[in-house]
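Close look at the chain arrangement
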Amino acid sequence: MTAALLEITDLSHSFAQRGKVLDKVSFTLNSGEKLALTGANGAGKTTLLQLLVGLIPRQSGDILSLAQLQKTEADFVQLRQRVGLVFQDPDDQLFCPSVLEDVMFGPLNQGFTVLEASQSAQKILEQLALQHLADRMASELSGGEKRLVTLAAVLVMQPKVLLLDEPTNALDTQAKQKLLTLLQGLDQAMLIISHDQPFLQQLATGSLELKDAKLTRS
């Protein structure tokens, strides 16, 4: 039996002012699954995604990837090569002088040469039909273009899992449809936070609801 891409067991997390947002939550994400993660604003959905990739220190519970327990920062550095997080606000993810350099950033951090990183970045931009944006600054892009560039910056790492935090936020109808079509065509497993029910209905294969710090699957 193939090990789960992500397996979370009894994961709990609290904030001093907000109290407990995760109370011994458990779930698995397997190859081919695209799970919607729903819940009210402030329920802890973004916190869960950030915990999964080690951006927030784990307080209690276990996070496993391919049956390997993730504990140290070194573990999570390796995990972030397999699990890509697309932030809710693209401006939190795009900070280089050009789109091409933004997409090159991840490969360069993983030890690629400049030539290798540039070739990989150009290839993924072409696959997403974004090559015309390569020399543009992120600040010059539309909301939809920024969203697709952040996705390119994650996909260039060839992750097995995509974590998407409100991917349709601030997108017009045309940009949303382009994003949906792109995501439907990807092989990666996904965990998707969204309040856009029509979008989720067309993309997700199952759902998780976070309510009162508990996680239930439907």
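Residues numbered from 1 in each chain as written. Predicted model: local features only at pLDDT ≥ 70, side-chain atom pairs only at ≥ 80, totals over all residues. Heavy atoms only, no water.

With that settled, the discussion passes to the pairing of strand β9 (residues 206-211). Side chains G206, L208 and L210 project from β9 onto a buried face, and the interleaved S207, E209 and K211 project onto a face without burial. Inspection of the sheet shows strand β3 (residues 34-38) paired to β9 by four bridges, in the parallel sense. Counted as the bridge partner of L37 is L208 from β9. Of the pairings in the sheet, the one linking β9 to strand β10 (residues 214-217) comprises four bridges and is antiparallel in character. Looking at β10, one finds that L208 is bridged to R217. Count of turn residues in the β9/β10 antiparallel hairpin: two residues, of which D212 carries a positive phi of about 50°. (Buried < 20%, exposed > 50% of the residue type's maximum accessible area, 1.4 Å probe, protein only. Helix = DSSP H or I, 4+ residues; strand = E, 2+ residues; numbered from the N terminus. Pairing = 2+ DSSP bridges.)

Let's shift gears to the nonpolar core. In this structure, V103, L151, L162 and L183 are the most contacted members of the largest nonpolar core, which totals 39 residues. Elements supplying a minimum of two residues to this core: α3 (99-109), α4 (114-127), α5 (143-155), β7 (161-165), α6 (173-184), β8 (189-193) and α7 (197-203). The dominant element in this core, judged by the number of residues it contributes, is α5, at six residues. Of all hydrophobic cores here, the second largest spans 31 residues; its members include L49, I56, L85 and A189. (Core = buried A, V, L, I, M, F, W, Y, C linked by side-chain atoms within 4.5 Å.)

What follows concerns the pattern of salt bridges. Side-chain pairs of opposite charge can arise where the charged atoms are in close proximity. On inspection of all chains with the given rule, the structure shows seven salt bridges. One salt bridge in this structure joins K146 and D91, with 3.0 Å as the shortest N-O distance. In this pair, K146 sits in helix α5 while D91 sits in the loop between β6 (83-86) and α3, placing the two residues 55 residues apart along the sequence. Residue classification places K146 among the buried positions, given a relative accessible area of 14%. As a salt-bridge pair, D196 and K176 come within 3.0 Å of each other at their nearest N and O atoms. Linking D196 in the loop between β8 and α7 with K176 in helix α6, this pair joins segments that are 20 residues apart in sequence. Classification of K176 as partly exposed rests on a relative accessible area of 27%. (Salt bridge = Lys/Arg side-chain N within 4 Å of Asp/Glu carboxyl O.)

This brings us to the packing of aromatic side chains. Applying the stated criterion to the full structure yields one aromatic pair. Here F95 and F105 contribute two aromatic rings whose centre-to-centre distance is 5.0 Å and whose plane-to-plane angle is 85°, an arrangement assigned as edge-to-face. You can see F95 sitting in the loop between β6 and α3 and its partner F105 sitting in helix α3, a full 10 residues away along the chain. (Phe/Tyr/Trp six-rings, centres within 6.5 Å; stacked < 30°, edge-to-face > 60°.)

Below, the discussion takes up the sheet that holds strand β2 (residues 19-29). Where strands meet in a sheet, backbone hydrogen bonds hold them as pairs that are either parallel or antiparallel. Taken in spatial order, the four strands line up as β2-β1-β4-β5 in an open sheet, and their pairing is antiparallel. At either end of the open sheet lies a strand with only one pairing partner, and these are β2 and β5 (68-69). Both strand β1 (residues 6-15) and β2 contribute to a ladder of seven bridges, which runs antiparallel. In the strand pairing of β2, L6 is matched with L29. Here helix α1 (residues 45-52) sits on the sheet in contact with β1, β2 and β4 (60-65), set at roughly 125° to β1. (Contact = heavy atoms within 4.5 Å. Axes fitted to C-alpha atoms, helices over the stretch in contact; angles between N-to-C directions.)

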